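Observations on the model geometry
For reference, the chains in residue letters:
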Amino acid sequence: MFPFNVSTRFGKFLALFLVAFFFLFAASCSKFRKIEKSDDWKLKYQAGLKYYEKKDYYRTAILFEQILPIVRGLPEGEKVEFYLAYCQFYEKTYLLASNQFKTFFENYGRSQLAEEAYYMYAYSLYVASPAENLDQKSSIEAMGAMQAYVNQFPDSKFADKANEVIAASQTKLETKGFENAKLYLKLKYYQAAVVSFDNFKKNFPDSKFMEELTFLKIEAQYKLAQQSISSKQKERFAATVEYYKELVDNYPKSEFLKEAERYYTGSLDQLNKLKTNKS
C-alpha cells in the first residue's frame, strides 16, 4: 500500500537519533569531567550556577561541594552553601539538606536568605519524617524546629506553610500515640492500655481520636477488672462505670455507646455480686 517500508524508515530514524544523543551525552560528560578536574574554583562556580539553572542538581552539588571549603568566607560562599542545600533537597537527601540549611542559617544569620534557610531546615526534617506507624523522632524535631521558626519570624511569607507543617506533624504524633495505646489493648496488657490512654489524653486533649479512646478505655478497664484478684475487682469495676459515664456525658450520641453499655451493665452486675458475696 505504501511506496516505502514505514517500520524500516522509522528504525533508521530512531537509530540515528540514538547515535546523536549518545554523542551529545558523551560530549556533555566529557565537558563536565574537565570542569570537575580543574583547579579553577571560579570556573566550577560559574559552571555550577549554570547546571543549577538547568536543574541539574547532581552536577551542581558535585562542583559546589568541591569548592565549598575555598569560597567559605568569600562573597560567593553564601550562594554556594544555599544552592548546595537546595541541591540536596531536590535530590531527596532530606536529612543532608536539613543539616546544610541549618549550617547556612548559622553561618549567614544576617543574610536575606537566612529566613528561608531556617524554614527549609525545618521543612526538610518534616519531609524526611516517616509514616505514622514508624518512629516519629523526625516529626518531633520538625515540629519543634518549625515552631521555633514561627516564633522567630511570625510575619514570614512562609508562616502559613509552617503552621500547616506543625499541624501535620501533630497529627502524625497523635496517630502514632493512639496506635501505640491501642496495641496494649490488643496484646491484652489492660493496665498498660488504661495508663496509655490517660497519657494520650494529657498529651493530646483535643485529638480527633478522643471519642474512640474514651470508649477503648472502658473496654480496657472492664477487662482489667475481670482478670483482677477479688480484692481489686470492686475498685476496677467501679472505675469502669465512671468511665462509661464520662463517655455518655461527653459524647451522648457516640457510635460506641451501645457496645460501651455492655461493659457498663456487666460492671454493675459484677459489683452487685461482689456486694452479695460480701454480705
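Definitions and limits used
Residues numbered from 1 in each chain as written. Predicted model: local features only at pLDDT ≥ 70, side-chain atom pairs only at ≥ 80, totals over all residues. Heavy atoms only, no water. Helix = DSSP H or I, 4+ residues; strand = E, 2+ residues; numbered from the N terminus. Buried < 20%, exposed > 50% of the residue type's maximum accessible area, 1.4 Å probe, protein only. Contact = heavy atoms within 4.5 Å. pLDDT = per-residue confidence, 0-100. Core = buried A, V, L, I, M, F, W, Y, C linked by side-chain atoms within 4.5 Å. 1 Å grid on protein atoms, 1.4 Å probe; cavity = no way out; pocket = protein on both sides within 12 Å on 5 of 7 lines; lining within 4 Å. Points joined across faces, edges and corners; volume = space filled by probe spheres on them. Phe/Tyr/Trp six-rings, centres within 6.5 Å; stacked < 30°, edge-to-face > 60°. Salt bridge = Lys/Arg side-chain N within 4 Å of Asp/Glu carboxyl O.

Glancing now at the overall build of the protein chain. In terms of regular secondary structure, the protein chain is built from 12 helices and zero strands. When the elements of the protein chain are put in sequence order from the N terminus, they spell out α-α-α-α-α-α-α-α-α-α-α-α. Taken across its 279 residues, the protein chain has 41% of its residues classed as buried. Long-range contacts, defined as pairs at least 24 residues apart, comprise 55% of the intrachain contacts of the protein chain with a sequence gap of at least 6.

For the rest of this paragraph, the subject is the confidence of the model for the protein chain. Detailed reading of the predicted model is not advised wherever pLDDT is low. Here the protein chain shows a mean pLDDT of 88. Residues at 70 or above account for 87%. Element-level mean pLDDT values for the protein chain span from 59 in helix α1 (residues 6-37) up to 97 in helix α10 (residues 210-226). Long-range and interchain partners of residues 15-27, a stretch whose pLDDT sits below 50, account for zero contacts in this model, where long-range means more than four residues apart.

Moving on: the nonpolar core. Ranked by internal contacts, the top residues of the largest apolar core, which has 72 residues, are F101, M146 and Y149. Looking at this core, the element that brings in the most residues is α10, giving nine residues. Setting aside chain neighbours within four positions, we find Y149 in contact with E115, Y118, Y119, S156, F158 and A162. Within the second largest apolar cluster, six residues are counted, among which are F32, A47, Y51 and I62.

Glancing now at the layout of surface pockets. For the largest pocket, the calculated volume is near 210 Å³. Around the largest pocket, the lining comprises 11 residues; the ones closest to its centre are K31, I35, K50, Y51 and K54. Breaking the lining of the largest pocket down by element, the ones donating at least two residues are α1 and α2 (41-53). With five residues, α2 is the largest single contributor of residues to the lining of the largest pocket.

Time to look at the packing of aromatic side chains. Pairs of aromatic rings are described using the distance from one ring centre to the other and the angle between the two planes. Taken as a whole, this structure holds 32 aromatic pairs when the rule is applied. Between the aromatic rings of Y86 and F101, the centroid separation amounts to 5.0 Å while the plane-to-plane angle is 85°, which identifies the pairing as edge-to-face. With Y86 in helix α4 (residues 75-90) and F101 in helix α5 (residues 94-107), this residue pair connects regions lying 15 residues apart in the sequence. Look at Y86 and you get buried, because its relative accessible area is 10%. Owing to a relative accessible area of 0%, F101 belongs among the buried residues under this scheme. Arranged with centres 6.3 Å apart and planes meeting at 40°, the rings of F215 and Y263 form a pair that is tilted.

We now examine the pattern of salt bridges. Within the structure shown, the criterion is met by nine salt bridges. Close ionic contact of K245 with E242 constitutes a salt bridge, the shortest N to O distance being 3.8 Å. In this pair, K245 and E242 are both assigned in helix α11 (residues 230-250), three residues apart and thus about one turn of the helix distant. A residue is classified by how much of its surface remains accessible, and K245, at 39% relative accessible area, is partly exposed. Here R262 and E259 are joined by a salt bridge, their closest N and O atoms 3.8 Å apart. Here the residue R262 and the residue E259 both occupy positions in helix α12 (residues 257-278), the gap between them amounting to three residues, near one helical turn.

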